[in-house]
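# An overview of the molecular structure
Here is what each chain is made of, one letter per residue.
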Amino acid sequence: MRPHHVAIAAVLLGNFLPSAALTQARPALTADDYARAERALGPTVGRLVSGIPGRPIWLPDGRATYRVSTPTGGGQFVIVDPRRGTRAAAFDHARLAEAVSAALGQRVTGDSLPFSSFDLLPDGQLIFESGKRWRCDLTNYRCTAAESTRRAPPPNSILSPDSTRAVFIRNNNLWMTELTSGAETALTTDGIEDFGYGTNNAGWVNSDEPVVTWSPDSRKIATFQHDGRGVSRMYLVRTGVGAPELQAWRYPLPGDSVIFRIQRVVIDVAGPTPQLVRLQMPPDAHRSMVSDHVACGGGICDLLWYPDGSGVAFVSSSRDHKHAWVRVADARTGAVRTLLEEQAKTQVGEVGVAQNWRVLPGSNELIWWSERDGWIHLYLYDLTTGRLKNRITSSDGNVESIGYVDERARAIYFSGEGMERGRDPYYRFLYRVRFDGRGQTLLTPEDADHQVAMAPDGASFIDSYSTPVTPPATVLRDRNGRVVIPLERADISRLVAAGWHPPTQITVKARDGTTDLYGLMFTPSRLDSTAKYPLVDYIYPMPSGSVGPRSFVPARGDHQALAELGFVVVAIDGMGTRGGRSKTFRDAAYGKMEENTLPDQVAAIKQLAARYPWIDGERVGIWGHSGGGFATAAAMFNYPDVFRVGISESGNHDNRNYEDDWGERYQGLLVRNGESDNYAADANQMHAANLRGKLLLAHGGMDDNVPPYNTYLVVDALVKANKDFDLLILPNARHGYGRDGLYMMRRRWDYFVRNLLGAEPPREYEIGKKNAAAP
C-alpha cells in the first residue's frame, strides 16, 4: 500500500526529551529512589503488620471465629466464646495442616490453610471447601472428602438462606435449581430481551447475577421485571488484530425520555409450581435511596422481608430523588399500601449510606431513618397507619448503621458518627438507645474508629478500634460495653523498623472560614524542614470524599510512595462529601457539580502552606480518578493560578455523557434552555481554553463505567483551543485499569517528578518487578 502523510490532531503522552544540556542541568531521580518509594506501597507494608483480625463470623452455637494475620504473612483461626469469656485457637493448626496436606496431596502450613471460612459441627467435625467439600475430624486430625448431598450452586446465582436452592438467569428469565437433586425449574417464562426478570444492569455497571432478595424462610423471592425497552445504548470497541469487537448495552443518560423501570414481583417457590405475584402498583424508576443501582449486597436495595415472609416492605424513589415512599406489599395478593413519604429540595438519601430501617410486625412498628432535621436520625412509626410515634435518636451527628434491634428490651444498637464533640466526626462509635428515644448511651468510649460485629443474640459484640495512625486493638464487650476479654492487638514493630512513616491528621477551615475540614497529610520520611516541597492534592469529590476510612491502613494507595519521591501529599474531605457531617454540608455542591470541593481544596492548600514553611504553595499539583478525574481537570481549568500540574484519570467530565442516576441525583433533572441546559456550565470541555499548566488526561479505552467519550470531549476542546496537553489511552482497560494500573501509577510518578518536582525520572521503571522488599 502507498504511504500516507498523517496529521496528528492530539498531543500524545511521550514528550520529547530535553536537550543534553538541559538534562544535565536538571536533578535526576534514580531507580533506587523509585524502589524506595515502592516499598511504601501496600503489597510491601501490608506484610509487615500482624495481629489484625478478619471480619468475625458468628457460629450457630453463639461463639465467633475469625482469622488473624500472623508475622509469616498468613493467618490463624481463633474461636471466641462470649459465655465463657475465652479466646483460643480454633484447632491445632500444625496438625490440621498435616491432615489437609495428606488429603489434598499438596503441602500447606498452619498459617496457609486453603480456606478462609469453615463450619464446625457439634461432633467436632470441621467442614471446608477447597475444590470440593472436605471433612476433618478434630479428634484424630484426619481429613476425607465429604459426601455431599448437594451440588454446587450454578455460576452467577443467588443462594437461598437455607442453602438448598439457587436462582439464576437464563434467556431473560429466572430459573431455580434444587441443590440436592439438581432439578431445574423455570420461575418465569415471559421474559424477553430488554424486559427480563432480575436483570442486573444500571448502565454504568452490570452483571449476569440476578437481583433478587430471598425471604428469610427460603420460600419466596422478591425481584422485578427490568424494563430497558427504548433506553439509550452505549458502545465500546475492543482493540485487537482483525475486525474490531463491538460491545453494546443499554445505558441511560441524564435527560433521556426513557430510563430503566422496574416492575416489582414476588415469586412463591414453596409449592410444586412457582407462583408469580405482581405488585399492584405502577413501575418504579430504577432508583434507590442509598445507591445509584438497585442492587445492594446481593439483594435489592431499600427492601426488607417480614420475618415470616408474609409481606415485603420497600422504598420507591422518584427519578429526581426528591421523593421517596415507604410501602408495604402483601406477598400473597400483591396489594400495596404506602406508609409514609420523605421529601427534600435536593435529594432523599445518599449514595453509600446504610439501609437504616427495620420492619417489626411483632409490635406493629417500623424503625425508619430520615434527614428531615439535617442529620440522619431514627424514627418510630406505626406499621399499619404510618403514623409517627416518636423520634428515637437525637443530637448532632448521624446514625451510620443499625447493628442490632432488641425487640424484647425495645432497644437499638447503632453505629454513629459525629455525635461526640471534640472528636473526629468521621470516627464511628457504638451506641444503645431505647425505642422511646431515652437512654442513648455510648458503648465504645475510646477516641478511635470502631468496627463492631454484634452477636446474633445481641448479648455481646467484638470491637476493633483504631485510627489512621494507631493500629487496631480488638476486644470482646458485653451488651453494656464492658470489656470481657482483650482479643488482639496489632503488631507494627516490623513496619516501624522498616521505616514506615505515618500520615499526619490535619484540620483546616473550609471556604467559609468557619467549617472544619479533616484530612491526612503524607510527608517524606526524611523530611528536611529547611527545604521546600511541592504539594500534590489527591481529590475525590462527592459523595465519598478523598480520605477514605478512618481506621488504620498501613498504605493508602500510593500517597506515601509519592511523598517519598519528594512531595507533600494531602487528601482532604471538602464540603459536599458524607461522613459524620450535616445534610447542609453534604448538599453544598448540589446543582453545581463543577465545584468538586475545589473551593475547599484551595482554601486548605493556602492554610497548609502558611502553617508549614516547608510546603511550597507555588508548586501545587492535583490528581484523581473517576470523579477525581473530573475534579482534577476542573481544577486545572478553573483555578489555573493555584494548580500547575494535574493528572486526570477516567473523569466523568460531562455528566450528560455519564449514567443518568449520577447527574440527576446531584445536579437535578436536565432542563434544556434553547441550545443549552443546566448541565453545560459544569462540563469541563466548556472551560478547557483556560488551561495554563501541565495536564495529563488518561482513560481506559473499554471503560464501561465512565465511557472514554467523556475524556474525548475535553481532548477535542483542548485541540480546538490550541492547547498543549498530554494524553494516555489504555486501549483495553476498564475503569480501574486492571493490569495496566501499575503502569499508570509509574506514569503518574514520572509526570509529577518531571513537571512539578523539576527532576528527571528513571527511564521506564517497572513497579512490581524491581526488588522493593523492605530492608
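Everything discussed here concerns the structure shown above.
This structure is a prediction, so every number in the text was calculated from the model and none was measured. (Residues numbered from 1 in each chain as written. Predicted model: local features only at pLDDT ≥ 70, side-chain atom pairs only at ≥ 80, totals over all residues. Heavy atoms only, no water.)

### Considerations on the overall build of the chain
Here is the rule: Helix and strand assignments come from DSSP, with helices taken as H or I runs of at least 4 residues and strands as E runs of at least 2, each series counted from the N terminus. C-alpha atoms define the radius of gyration in this analysis, and the globule rule sets the expected value at 2.2 Å times the number of residues to the power 0.38. Three exposure classes are used, based on accessible area relative to the maximum for each residue type with a 1.4 Å probe and protein chains only: buried under 20%, partly exposed in between, and exposed over 50%. Here, residues are in contact when the closest pair of their heavy atoms is within 4.5 Å. Surface exposure here means Shrake-Rupley accessible area, sampled with a 1.4 Å probe, where a residue is shielded only by the protein chains that are shown. We score Asp and Glu as negative and Lys and Arg as positive, and we do not count His or the chain ends. Where a charge lies is defined by one atom per residue type: Lys uses NZ, Arg uses CZ, Asp uses CG and Glu uses CD.
Counting secondary structure elements, the chain contains 12 helices and 50 strands. At 28 Å, the chain has a C-alpha radius of gyration in line with the 28 Å of a compact globule built from 775 residues. With the C-alpha coordinates of the chain rotated into their principal frame, the extents come out at 80 × 65 × 65 Å. Sorting the 775 residues of the chain into buried and exposed places 55% on the buried side. Summarising the internal contacts of the chain: among those between residues at least 6 apart in sequence, 59% fall at separations of at least 24. Accessible area of the chain: about 32700 Å², with a carbon and sulfur share of 50%. Positive and negative side-chain charges in the chain, numbering 86 and 88 respectively, have mean positions lying 2 Å apart.

### Side note on the sheet that holds strand β30 (residues 365–370)
Basically, it comes down to this: Paired strands are those between which DSSP finds at least two bridges. Here, axes are lines fitted to C-alpha atoms. For helices the fit covers the stretch in contact, and angles between N-to-C directions go from 0 to 180 degrees.
If you trace the 4 strands from one edge of the open sheet to the other, you get β29-β30-β31-β32, paired in antiparallel fashion. Each end of this open sheet is capped by a strand with a single partner; those strands are β29 (358–360) and β32 (388–391). Taking the axes of each pair of neighbouring strands and ignoring which way they run, one obtains an average angle of 25° across the sheet. Sheet analysis places β29 next to β30, joined by 3 bridges and oriented antiparallel. Looking across to β30, one finds that V359 is bridged to L366.

### Observations concerning the nonpolar core
The following threshold applies: Nonpolar cores are built from buried Ala, Val, Leu, Ile, Met, Phe, Trp, Tyr and Cys residues. Side-chain atoms within 4.5 Å join them into one set.
V536, L562, L565, F567, W749 and F752 are the most contacted members of the largest nonpolar core, which has 53 residues in total. Among the elements that take part in this core, helix α12 (residues 741–757) stands out by supplying 7 residues, more than any other. Residues in contact with W749, not counting those within four places in the same chain, are Y34, A37, E38, L41, D558, A561, L562, L565 and I767. Among the nonpolar cores identified, the runner-up in size contains 44 residues, and L517, L535, A634 and V642 belong to it.

### A word on the pairing of strand β43 (residues 533–538)
Basically, it comes down to this: Note on handedness: a crossover is taken as right-handed if, strands pointing away from the viewer, the path from the first strand over the helix to the second is clockwise.
Of all 6 residues in β43, 6 are buried, a share of seventy percent or more. As paired strands, β43 and strand β45 (residues 615–625) are joined by 6 bridges and run parallel to one another. Opposite D537, over in β45, you have I622 as the bridge partner. Between the parallel elements β43 and strand β44 (residues 568–573), the chain passes through helix α6 (residues 559–564) in a crossover that is right-handed.

### Quick word on the state of the cysteines
Two cysteines form a disulfide when their sulfur atoms are joined by a covalent bond. Quick reminder of the rule: Only a pair of cysteine sulfur atoms within 2.5 Å counts as a disulfide in this structure description.
Scanning all chains against the criterion turns up 2 disulfides. Here C136 pairs with C143 through a disulfide, and the sulfurs are 2.1 Å apart. Judged by the torsion about the S-S bond (110°), the C136/C143 disulfide is right-handed. This pair shows no difference in class: C136 is buried, exactly as C143 is.

### What to know about the sheet that holds strand β36 (residues 441–442)
On the basis of which strands lie adjacent, the open sheet formed by 4 strands has the order β33-β34-β35-β36 and antiparallel pairing. Only two strands of the sheet have a single partner each, and these edge strands are β33 (398–406) and β36. The sheet contact formed by strand β35 (residues 428–434) and β36 spans 2 bridges and is antiparallel. When the bridges of β36 are listed, R432 appears paired with T441.

### So, the packing of helix α2 (residues 31–38) against α12
Note the following rule: Orientation is classified from the angle alone, with under 35 degrees giving roughly parallel, over 145 giving roughly antiparallel, 65 to 115 giving roughly perpendicular, and any other angle giving oblique. By convention, the crossing between two helices is left-handed when the near helix turns anticlockwise from the far helix through less than a right angle, and right-handed when the turn is clockwise. Three residue categories are used. Nonpolar comprises Ala, Val, Leu, Ile, Met, Phe, Trp, Tyr, Cys and Pro, charged comprises Asp, Glu, Lys and Arg, and polar comprises the others, including Gly.
Contact geometry of α2 with α12 gives a least axis separation of 13 Å together with a crossing angle of 120°. Classified by the angle their axes make, α2 and α12 are oblique. Here α2 runs over α12; the crossing is right-handed. Residue-level contacts link Y34, A37 and E38 of α2 to R746, W749, D750 and V753 of α12. Looking at the contact of α2 with α12 residue by residue, the classes come out as 4 nonpolar, no polar and 3 charged.

### Concerning the pattern of salt bridges
Put simply, the test is: Salt-bridge detection follows one rule: a side-chain nitrogen of Lys or Arg within 4 Å of a carboxyl oxygen of Asp or Glu.
A complete count under the given rule lists 52 salt bridges for this structure. Residues joined by salt bridges that share partners form a network here, namely R287, R319, D660, D661 and E664.

### Let's talk about the environment of Y612
Among the secondary structure elements, Y612 is positioned in the loop between α8 (598–611) and β45. Since its relative accessible area comes to 18%, Y612 is described here as buried. Once the C-alpha coordinates of Y612 and Y306 are considered, the two residues, 306 residues apart in sequence, prove to be 57 Å apart. In this view, Y612 contacts I506 and M521; residues no more than four positions away in its chain are not counted.

Scope: geometric values only; no functional claims are made or implied.
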